[in-house]
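The lines below spell out each chain.
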Amino acid sequence: VSALEWLDITDNVFSGTIPTEFGQLSSLTYLWMGNNQLTGTIPSELGQVSALEWLWFNDNLFNSTIPTELGQLSSLTHLWMGNNQLTGRIPSELGQLPLDWLNLSGNQLTGTIPLDFGQVPFSWLWLQNNKLSGQVPDWVCDVQSYNLRQNNFFCPLPRCCSSSGNRLCEPCYD
């Protein structure tokens, strides 16, 4: 099993938790588990799977924080955890990764967008429908596809996503 490179169980009705033993799948590069009924915490042991490039956990029932250990996944380019019940802050450790796509939309995440995210080469950044606050950084305007709607960001917003732009960061609060 340690030679397993792809695991795709997307679009099933799997329930339960992710075993911590997944952290021992050292050759795993693609882990797709979206659109199931998986619950509980996202195992911090996944941070040990150094070959991981795609982590796709969207549309499940995870109700934990995002493990900071995921920041150790130096090959991770795609992280999709949208539409779960994730809470807490977005780990700043994710800002050290070569992420191209990040989807954390539709959760209960709080805090600010990590400062380190300004160094990440995002093509997609979807953080809408959370409880994020603080200022929206200007570098968001350089991301090809972004959506930060329905959070609690402070005004003023960057011009690209305010009422004079595409409105993809609204609303904002004084």
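On a predicted model such as this, the values are computed, not experimentally measured, just so you know. (Residues numbered from 1 in each chain as written. Predicted model: local features only at pLDDT ≥ 70, side-chain atom pairs only at ≥ 80, totals over all residues. Heavy atoms only, no water.)

Now, about the pairing of strand β10 (residues 108-111): what can you tell me, with residues and values included?
For a regular strand, side-chain orientation follows a simple rule: the groups alternate between the two sheet faces. Only one face of β10 is covered, namely the one carrying Leu109 and Gly111; the face carrying Gln108 and Thr110 has none of its residues buried. Examined bridge by bridge, strand β8 (residues 87-89) and β10 share 3 bridges and lie parallel to one another. Within β10, the position partnered with Thr87 by the bridge is Gln108. Pairing of β10 with strand β12 (residues 131-134), which is carried by 2 bridges, proceeds in the parallel orientation. From the neighbouring strand, Gly111 faces β12, where its bridge partner is Leu132. (Buried < 20%, exposed > 50% of the residue type's maximum accessible area, 1.4 Å probe, protein only. Helix = DSSP H or I, 4+ residues; strand = E, 2+ residues; numbered from the N terminus. Pairing = 2+ DSSP bridges.)

I'd like a rundown of the pattern of salt bridges, residues and numbers included.
Here the structure, examined in full by the defined rule, presents 1 salt bridge. The partner of Glu170 in a salt bridge is Arg167, with the nearest N and O atoms 3.7 Å apart. (Salt bridge = Lys/Arg side-chain N within 4 Å of Asp/Glu carboxyl O.)

Pulling in residues and values, what's your account of the sheet that holds strand β1 (residues 6-8)?
Across the sheet, which stays open at both edges, the 7 strands sit in the order β1-β3-β5-β7-β9-β11-β13 with parallel pairing between neighbours. Looking at strand neighbours, the two that pair on one side only are β1 and β13 (145-147), the edges of this open sheet. Across the sheet, the axes of successive neighbouring strands diverge by a mean angle of 10 degrees, strand direction being ignored. As paired strands, strand β3 (residues 30-32) and strand β5 (residues 54-56) are joined by 3 bridges and run parallel to one another. (Axes fitted to C-alpha atoms, helices over the stretch in contact; angles between N-to-C directions.)

Break down the sheet that holds strand β4 (residues 37-40) for me, with residues and values.
The strand order across the open sheet formed by 3 strands is β2-β4-β6, and the pairing between neighbours is parallel. For this open sheet the edge positions go to β2 (15-16) and β6 (61-62), each flanked by a neighbour on one side alone. In the sheet, β4 pairs with β6 via 2 bridges, with the strands oriented parallel. Within the sheet, the bridge partner assigned to Gly40 lies in β6 and is Phe62.

Explain the nonpolar core to me, and be specific about the residues and the numbers.
In terms of nonpolar packing, the biggest core is built from 47 residues, with Phe57 and Met81 touching the most fellow members. If sequence neighbours within four positions are ignored, Met81 has contacts with Ile42, Leu55, Phe57, Asn58, Ile66, Leu70, Leu86, Asn103, Leu104, Ser105 and Asn107. (Core = buried A, V, L, I, M, F, W, Y, C linked by side-chain atoms within 4.5 Å. Contact = heavy atoms within 4.5 Å.)

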